[in-house]
Amino acid sequence: MQLGLTIPLQRYLKLKNLPYGEPLDRQYCWDLHVITLQGRPSLLAVHCATRYTVTLFDVTIFQWGALQDTFLQGLRQSFTAVSISTETTERYLLRAGKTELTKTHGRREVAFLNRAWDDVAALDYTLDAAAQAQPLLDCAVNQKLSRCAGTDGLGQAEQRLIRSLERTSQ
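As a starting point, this report considers the structure included with it. From a predicted model like this one, the values you see are computed outputs, not experimental measurements.

**A look at the pairing of strand β2 (residues 29–37)**
Of all 9 residues making up β2, 8 are buried, and the element is well covered by its neighbours. Direction of pairing for strand β1 (residues 2–5) relative to β2: parallel, over a ladder of 4 bridges. Following the sheet pairing, Gln 2 is matched in β2 by Cys 29. Pairing between β2 and strand β3 (residues 40–47): 8 bridges, direction antiparallel. Across the sheet, Leu 37 pairs through a bridge with Arg 40, a residue of β3.

**Some thoughts on the packing of aromatic side chains**
Taken as a whole, this structure holds 6 aromatic pairs when the rule is applied. An angle of 85 degrees between the planes, with centres 6.5 Å apart, marks the rings of Trp 30 and Tyr 52 as edge-to-face. Of this pair, Trp 30 sits in strand β2 while Tyr 52 sits in the loop between β3 and β4 (53–56), placing them 22 residues apart in sequence. Classification of Trp 30 as buried rests on a relative accessible area of 0%. Judged by its relative accessible area of 1%, Tyr 52 falls in the buried class. Look at Trp 30 and Phe 71: their rings are 5.4 Å apart centre to centre, the planes differ by 65 degrees, and that puts the pair in the edge-to-face class. With Trp 30 in strand β2 and Phe 71 in helix α3 (residues 67–81), this pair connects stretches of sequence that are 41 residues apart.

**A closer look at helix α4 (residues 86–96)**
Count 3.6 residues to each turn of an α-helix, and residues three or four apart come out pointing the same way. Those residues of α4 lying buried are Thr 88, Thr 89, Tyr 92, Leu 93 and Ala 96. Within α4, the buried residues cover an arc of 130 degrees as seen down the axis, which keeps them to one side. Every exposed residue of α4 that faces more than 90 degrees away from the buried side is listed here: Thr 86, Glu 87 and Leu 94. Gly 97, located one to two residues past α4, shows a positive phi value of around 80 degrees.

**Structural notes on the nonpolar core**
Counting 30 residues, the largest nonpolar core has Trp 30, Leu 32, Phe 71, Phe 79 and Tyr 92 as the members making the most contacts within it. For this core, the elements supplying multiple residues, two or more each, are β1, β2, β3, β4, α3, α4 and α7 (157–168). Of the residues forming this core, the biggest block, 5 residues, is contributed by α3. The next biggest cluster of nonpolar side chains, apart from the first, holds 12 residues, and it includes Leu 37, Val 46, Ala 116 and Leu 127.

**Section: helix α5 (residues 107–122)**
Between the first and last C-alpha of α5 there are 22 Å, a value that for 16 residues agrees with the 22 Å anticipated at 1.5 Å per step. Buried within α5 are the following residues: Glu 109, Phe 112, Leu 113, Ala 116, Asp 119 and Val 120. The arc that holds the buried residues of α5, viewed along the axis, is 115 degrees, so those residues lie on one side. In α5, those exposed residues whose orientation departs by more than 90 degrees from the buried face are Arg 107, Arg 115 and Ala 122. Each element contacted by the buried residues of α5 is listed here: β2, β3, β4 and α6 (135–142).

Calculation criteria
Residues numbered from 1 in each chain as written. Predicted model: local features only at pLDDT ≥ 70, side-chain atom pairs only at ≥ 80, totals over all residues. Heavy atoms only, no water. Buried < 20%, exposed > 50% of the residue type's maximum accessible area, 1.4 Å probe, protein only. Helix = DSSP H or I, 4+ residues; strand = E, 2+ residues; numbered from the N terminus. Pairing = 2+ DSSP bridges. Phe/Tyr/Trp six-rings, centres within 6.5 Å; stacked < 30°, edge-to-face > 60°. Arc of directions from axis to C-beta. Core = buried A, V, L, I, M, F, W, Y, C linked by side-chain atoms within 4.5 Å. Expected span 1.5 Å × (residues − 1). Contact = heavy atoms within 4.5 Å.

Purely spatial values, then, with no claim about function.
Next up, the structure:
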C-alpha cells in the first residue's frame, strides 16, 4: 500500500527525497496531508480511488513519527465505524501489502484531497475534540456527494469504498 505524502506533510515531517513509488492499483493508494483543526495538527487521509476520507485529530509528535502505524490504526477505526468487518479490513490490508511512504499520486488525486479538506473544514462543527478518531466528521464528509479519481460522476465516498472493497475481496 502506498501512502502519498503531500509536500506540506513532507515539510512538516522534515522528509526529503520520497520516491514516486511503483504504479499500483488506486485501490491500494492513499494520499496524506497535515491540516489544522481547532488549532491542532491533524491527519487527513484520502483514498485515491474513492475519495473516502479518514481524519485523525490532534496527532502527537510520536504518532507523526510512526505515521504508517498511526494511519493504519485510524483506517481500522474508520472502517469499523462504518460497519466494515474486521475480516474485510484485514483482507484489504493483506492484499494492499506493506505500506510505503511515497510522493502523492498525481494532480487529480491531490485535487480531490483538497476538496475533501474543504469538506472537513466546512463540517468541523462535528469534530469531537475529546477523541482522535472522528467517525461523525468522517461520516459527514464521506456521505456527501462528491467526485473522485476512480469513477465518473457524483457519488458518496463511503458507498464507493464499500463497493471497492467488495470487488477486491472476491
